[in-house]
Amino acid sequence: MSATAIAHTNIALIKYWGKADPDLRLPLMNSLSMTLDKFYTETTLSWQTSDQFFLNGKLQAAADSQRVFSYLHLLERRLNLPNRHYLVRSVNHVPTSAGLASSSSAFAALAAAFDQLQQLHLSRQDLSRLARLGSGSATRSIFGGFAEWQAGDDANSYAVPIDERPKLDLHLLVVELDQQPKKISSTIGMQRAQTSPFYQTWLERNPDEIAQMKLAIQQADFDKIGQLAELNANEMHALNLTAQPPFTYFEPATMQIIKWVQAWRAAGIPCYYTIDAGPNVKILTSLKNCKVLSSRLAQLMPSAKIVVTNFGPGVKSWSNSDME
Ligand code: PMV
């Protein structure tokens, strides 16, 4: 008997950047994201006599598997299930070799595969709460389209769908940069950001930013969505630059793309950027302009890998018992 789940990566337009409780992965603010169609993780889970984790077909060393197995054993304890060993086979489906490997799709797929293997039939709300324990952003990958993750306590911090099938022509141009410098993990980044003198303002602004984004989504107002997303990303990265010690995820190429986006916009092409805990830039624009901007970027920065994505679906899982 084995169970498989597919979960898609999401990109936050209003970001989660600060934990109220690091163990329970409770956020200090609400966040709102877009689930992507092109980037997803497919995970198959079964029981066996020892824990083994294969990623993209390769057996992972114990140190690289630890987060996966600590998570599965945490789920067992929370759900009062017996302690077992697991074979985990995950494949990150990304349209280019560099990839946009994401913990959001990874832990959402793992939570859903666990639910399916154990035949728990949990609601999507409960799945979202469980996904949260693996990675905060994974709460939102349970749902397709736009989803909001609510701050709260252990019982009520989960994601809710905002619009799972948006009609809007909003596409995301993912620009993966060549250099992947040493990363500051999101956990460390969030901790440090809280030392910024602007952190309190970041928290105070959150309810209004979320409300405005929801209204813009409801009104299918592309420019408003883009403006709010770009401002929120800039605010998050300003926290990092003003932290003690200061840091940034930006690389020179990140800044270069920001400047091009600003220039294209000034020249009349509606496009906005957002950036997460790494140097890659994601550009929000229409499908038609994705094509225009992709070809410009390919000329200006040939080393960058460009992927055009749209809204993706929520998590799916199934049991393979019939086929074995
Ligand atoms: O949940 P994590 O550890 O993947 O942190 C996500 C942090 C950001 O991607 C920068 C923001 C977000 O809300 O996804």
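1. Points about the pattern of salt bridges
Under the criterion given, the structure shown has 10 salt bridges. Arg129 serves as the salt-bridge partner of Asp126, at 3.3 Å between the closest nitrogen and oxygen. Pair noted here: Asp126 and Arg129 are both in helix H3 (residues 124-134), with a separation of three residues, about one helical turn. The shortest N-O distance in the salt bridge between Lys282 and Asp276 comes to 3.0 Å. A relative accessible area of 5% places Lys282 in the buried class. Relative accessible area serves as the criterion here: at 19%, Asp276 is assigned to the buried category.

2. As for the domain arrangement of the protein
By the assigned domains, the protein splits into domain 1 (2-166) and domain 2 (171-309). Spacing between the C-alpha centres of domain 1 and domain 2 amounts to 23 Å. Contact residues are listed per partner, giving 28 residues for domain 1 and 38 residues for domain 2. Across the interface of domain 1 and domain 2, roughly 2800 Å² is buried in total on both sides, 71% from carbon and sulfur atoms. When the buried area of domain 1 at its contact with domain 2 is split by residue, Ile14, Lys15 and Trp17 rank highest and sum to 31% of it.

3. Some points on the sheet that holds strand S11 (residues 272-274)
Pairing within the open sheet is antiparallel, and its four strands lie in the order S11-S12-S10-S13. In the strand order of this sheet, the two ends are held by S11 and strand S13 (305-309), each with one partner. Each adjacent strand pair in this sheet contributes to an overall mean axis angle of 25°, direction not counted. Where strand S10 (residues 171-176) meets S13, five bridges bridge the pair, whose relative direction is antiparallel. Paired with Leu172 across the bridge in S13 is Thr309. This element, helix H6 (residues 222-241), spans S11 and strand S12 (281-285) of the sheet and lies at about 40° to S11.

4. Description of the site of the ligand
In the vicinity of the ligand, 14 residues are found, and the nearest of them are Tyr16, Ser103, Ser137, Arg140 and Ser186. One of the backbone N or O atoms of Ser137 is found 2.8 Å from an oxygen atom in the ligand. Ser186 is positioned with one of its side-chain polar atoms (N or O) 2.6 Å from an oxygen atom of the ligand. The fraction of the free accessible surface of the ligand (380 Å²) that becomes covered by protein chains is 89%. Looking at side-chain class alone, the shell around the ligand contains six nonpolar, five polar and three charged residues. Both domains that meet at the shell around the ligand, namely domain 1 (2-166) and domain 2 (171-309), each give it at least three residues.

5. A short note on the packing of aromatic side chains
Under the counting rule described, the total for this entry stands at eight aromatic pairs. For the ring pair Tyr16 and Trp149, a centre distance of 4.6 Å and an interplane angle of 70° mean the geometry is edge-to-face. With Tyr16 in the loop between strand S1 (2-14) and strand S2 (19-21) and Trp149 in strand S8 (residues 146-149), this residue pair connects regions lying 133 residues apart in the sequence. There is no split in this pair, since Tyr16 and Trp149 are both buried. Aromatic pair Tyr86 and Phe114: ring centres 6.2 Å apart, planes at 45°, arrangement tilted. Separated by 28 residues along the polypeptide, Tyr86 in strand S7 (residues 85-93) and Phe114 in helix H2 (residues 103-117) bring together distant segments of the chain. Above the ring of Trp47, the side-chain terminus of Arg84 is found at 4.1 Å from the ring centroid. Sitting over the ring of Phe247, Arg192 keeps its end group 5.2 Å from the ring centre.

6. Considering the packing of helix H1 (residues 62-78) against H2
It is the contact of H1 with H2, at a shortest axis distance of 11 Å, that shows an interaxial angle of 40°. In terms of orientation, H1 lies oblique with respect to H2. Crossing of H1 over H2 shows right-handed handedness. The residues of H2 that touch H1, namely those facing Arg67, Val68, Tyr71, Leu72, Leu75 and Glu76, are Ser103, Phe107, Leu110, Ala111 and Phe114.

Each value, and the rule that gives it
Residues numbered from 1 in each chain as written. Predicted model: local features only at pLDDT ≥ 70, side-chain atom pairs only at ≥ 80, totals over all residues. Heavy atoms only, no water. Salt bridge = Lys/Arg side-chain N within 4 Å of Asp/Glu carboxyl O. Helix = DSSP H or I, 4+ residues; strand = E, 2+ residues; numbered from the N terminus. Buried < 20%, exposed > 50% of the residue type's maximum accessible area, 1.4 Å probe, protein only. Domains from an automatic or database assignment. Contact = heavy atoms within 4.5 Å. Buried area = accessible area lost by both parts, 1.4 Å probe. Pairing = 2+ DSSP bridges. Axes fitted to C-alpha atoms, helices over the stretch in contact; angles between N-to-C directions. Near = heavy atom within 4 Å. Polar contact = N/O pair within 3.5 Å; in protein donor to acceptor, adjacent residues only side chain to side chain. Areas by Shrake-Rupley, 256 points an atom, 1.4 Å probe, with all protein chains shown as cover. Nonpolar A, V, L, I, M, F, W, Y, C, P; charged D, E, K, R; others polar. Phe/Tyr/Trp six-rings, centres within 6.5 Å; stacked < 30°, edge-to-face > 60°. Lys NZ or Arg CZ within 6 Å of the ring centre and 35° of its normal. Parallel < 35°, antiparallel > 145°, perpendicular 65-115°, else oblique. Left-handed = near helix turned anticlockwise from the far one by under 90°.

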